[in-house]
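Residues per chain are reported as follows:
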Amino acid sequence: MELPKTYYEILGISENATMEEIRRAYRLLIMKLHPDRAGKDFRMERFVQVQEAYKTLSNPVRRRHYDETLRHRRISHTRQETKRTQQETPKPRYQYERRDPGHAQKPPSDLSARVAEAAALFSQGKYERAESTARWILERDPRSAMSHAILGDIERFRGNLESALKHYAYAIQFAPRNITFQIRYEGLLRQVSTMENARQQTQSSRLVSPLFVVALVTFLANLYVGISREAPLLQAIPPIASWSLGLIIMMFLNGVSLGATLATSHVVDRWESIARASTGRWSQAATLGIVALVNFWFSAGLYLLLGFVQRSYTFSVSRLVSGVAILTLIYAFTAAFSPTLQPMQTLLWGGNVIYLGALCGWAVADAFR
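Worth saying up front: this structure is predicted, and the values here are computed from it rather than measured. (Residues numbered from 1 in each chain as written. Predicted model: local features only at pLDDT ≥ 70, side-chain atom pairs only at ≥ 80, totals over all residues. Heavy atoms only, no water.)

Within the chain one finds 17 helices and zero strands. Burial analysis of the chain (369 residues in total) assigns 44% to the buried set. Summarising the internal contacts of the chain: among those between residues at least 6 apart in sequence, 67% fall at separations of at least 24. Summed over all atoms, the accessible surface of the chain reaches about 20,200 Å², with 60% contributed by carbon and sulfur. (Helix = DSSP H or I, 4+ residues; strand = E, 2+ residues; numbered from the N terminus. Buried < 20%, exposed > 50% of the residue type's maximum accessible area, 1.4 Å probe, protein only. Contact = heavy atoms within 4.5 Å. Areas by Shrake-Rupley, 256 points an atom, 1.4 Å probe, with all protein chains shown as cover.)

Counted under the stated rule, the structure contains nine aromatic pairs. Measuring from ring centre to ring centre gives 6.3 Å for Tyr 8 and Tyr 66, while their planes differ by 45°; the resulting arrangement is tilted. Of this pair, Tyr 8 sits in helix α1 (residues 7–11) while Tyr 66 is found in helix α5 (residues 60–85), placing the two residues 58 residues apart along the sequence. A centroid spacing of 5.1 Å and a plane angle of 65° characterise the contact between Phe 296 and Trp 297, whose relative ring orientation is edge-to-face. A relative accessible area of 1% places Phe 296 in the buried class. The exposure class assigned to Trp 297 is partly exposed, which follows from its relative accessible area of 30%. One aromatic cluster is present, formed by Tyr 7, Tyr 8 and Tyr 66 through successive ring pairs. A cation over a ring is seen here: Arg 114 above Trp 136, with NZ or CZ 3.9 Å from the ring centre. (Phe/Tyr/Trp six-rings, centres within 6.5 Å; stacked < 30°, edge-to-face > 60°. Lys NZ or Arg CZ within 6 Å of the ring centre and 35° of its normal.)

This part covers the pattern of salt bridges. Taken as a whole and assessed by the stated rule, the structure comprises ten salt bridges. Here Glu 68 ties to Arg 71 by a salt bridge, and the two come within 2.8 Å at their closest N and O atoms. Pair noted here: Glu 68 and Arg 71 are both in helix α5, with a separation of three residues, about one helical turn. As a salt-bridge pair, Glu 131 and Arg 135 come within 3.2 Å of each other at their nearest N and O atoms. Taken as a pair, Glu 131 and Arg 135 lie in helix α7 (residues 127–140) at a separation of four residues, close to a single helical turn. Judged by its relative accessible area of 16%, Glu 131 is buried. (Salt bridge = Lys/Arg side-chain N within 4 Å of Asp/Glu carboxyl O.)

Take a nonpolar patch on the surface next. Residues Phe 212, Val 213, Leu 216, Phe 219, Leu 220, Leu 223 and Ile 227 make up a contiguous nonpolar surface patch of roughly 690 Å² in combined accessible area. Following the sequence through the fold, Phe 212 ends up in helix α11 (residues 203–227). (Patch = residues over 30% accessible without salt bridge, like charges linked within 9 Å, V, L, I, M, F, W, Y side chains within 5 Å.)

Here we come to helix α15 (residues 296–310). Side chains that are three or four residues apart share a direction in an α-helix, a result of its 3.6 residues per turn. The first and last C-alpha atoms of α15 sit 20 Å apart over 15 residues, in line with the 21 Å expected at 1.5 Å per residue. Phe 296, Ser 299, Ala 300, Tyr 303, Gly 307 and Gln 310 are the residues of α15 that are buried. For α15, the arc enclosing every buried residue in end-on projection is 125°, short of the 170-degree limit, so these residues lie on one face. Counted as exposed and oriented over 90 degrees from the buried face of α15: Phe 298, Leu 305, Phe 308 and Val 309. Here α15 starts with a cap whose side-chain oxygen sits 3.2 Å from the backbone nitrogen of Trp 297, and that cap is Asn 295. (Expected span 1.5 Å × (residues − 1). Arc of directions from axis to C-beta. Polar contact = N/O pair within 3.5 Å; in protein donor to acceptor, adjacent residues only side chain to side chain.)

Along the polypeptide, Ser 144 turns up in the loop between α7 and α8 (145–157). Classification of Ser 144 by relative accessible area gives buried; the value is 8%.

A separate point is the packing of α8 against helix α9 (residues 161–174). The interhelical angle for the contact between α8 and α9, taken along N-to-C directions, is 160°, at an axis separation of 8 Å. As far as their axial angle goes, α9 and α8 are roughly antiparallel. Our pair here, α8 against α9, has a crossing hand that is left-handed. Seen from α8, the contacting residues are Ala 145, His 148, Ala 149, Leu 151, Gly 152, Asp 153, Glu 155 and Arg 156; seen from α9, they are Leu 161, Ser 163, Ala 164, His 167, Tyr 168, Tyr 170, Ala 171 and Phe 174. Looking at the contact of α8 with α9 residue by residue, the class counts come to nine nonpolar, four polar and three charged. (Axes fitted to C-alpha atoms, helices over the stretch in contact; angles between N-to-C directions. Parallel < 35°, antiparallel > 145°, perpendicular 65-115°, else oblique. Left-handed = near helix turned anticlockwise from the far one by under 90°. Nonpolar A, V, L, I, M, F, W, Y, C, P; charged D, E, K, R; others polar.)

Shown next as structure tokens:
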């Protein structure tokens, strides 16, 4: 069985072609295949193929990942052809091994149960066990799309975006109709492309403006909190009886500015990818986010504990929690100079409001990324 034409073959160039050769081949083909020139011989399918090939190969990041996918596809095809031509006695499809990570050996018919187990471990934040189980599955079934997707999610949470893209590409190859895999791959590819372009600028020029906005909002908000003489708004609720409406609004807006800054500076991943895994289940980060709305410090402590025990720290959540903690301490310090606010109440519960605002700012900024 022949492999479909590659993008290089569609453009009529070698796989080592330079960017100028790619552009030249594309211009010549477009001129030749354009409806005005082709007339009755015009074929829309061929025209679209050329455009899609150029769109991929003209982008360095997309071309690199296409080459990786193409290489893996050829390896798989070679293996299939080898198996088809071999005339050997059939061997058992499964052999017992000693490398099963802490589980009893199971035949291939149980691999689907192991995939579900890996997905459950991932949703519980047990990333190391989920990774070990997923890799164990891939040793026996390299075409397990869900296992590749789980590994992609784990690498993405760890900040290893290139490795995550590779696993997402494999997942799409083995499950081409899975829309979730395609969305996660394309979304991460756009993010990596943006980060590649951003690296061409100096880090200071990318971060100075956003950090200045957060610093300015924090200064003005705390200045207002420190000098205002607003009457308490929630006297009926003892834990926050001294809080005023102005304090609540300032902390929320400060949280919004923090979340939006982290998102627009590309120092956190997209909220959608953090909240849900490729399996469709809520992730540990989303669960901790709900707990943080009840008490931020309890959620932060739980995150640190689970991260240490299960090795499930994620670069996005760690940065968000650190930012909210710093802002909460600043507001508690400011409350000590206010004649109406109690600093301990602000310290214990202020993080809830700031964290909620940060999530809102993160989500809104994501919509415009």
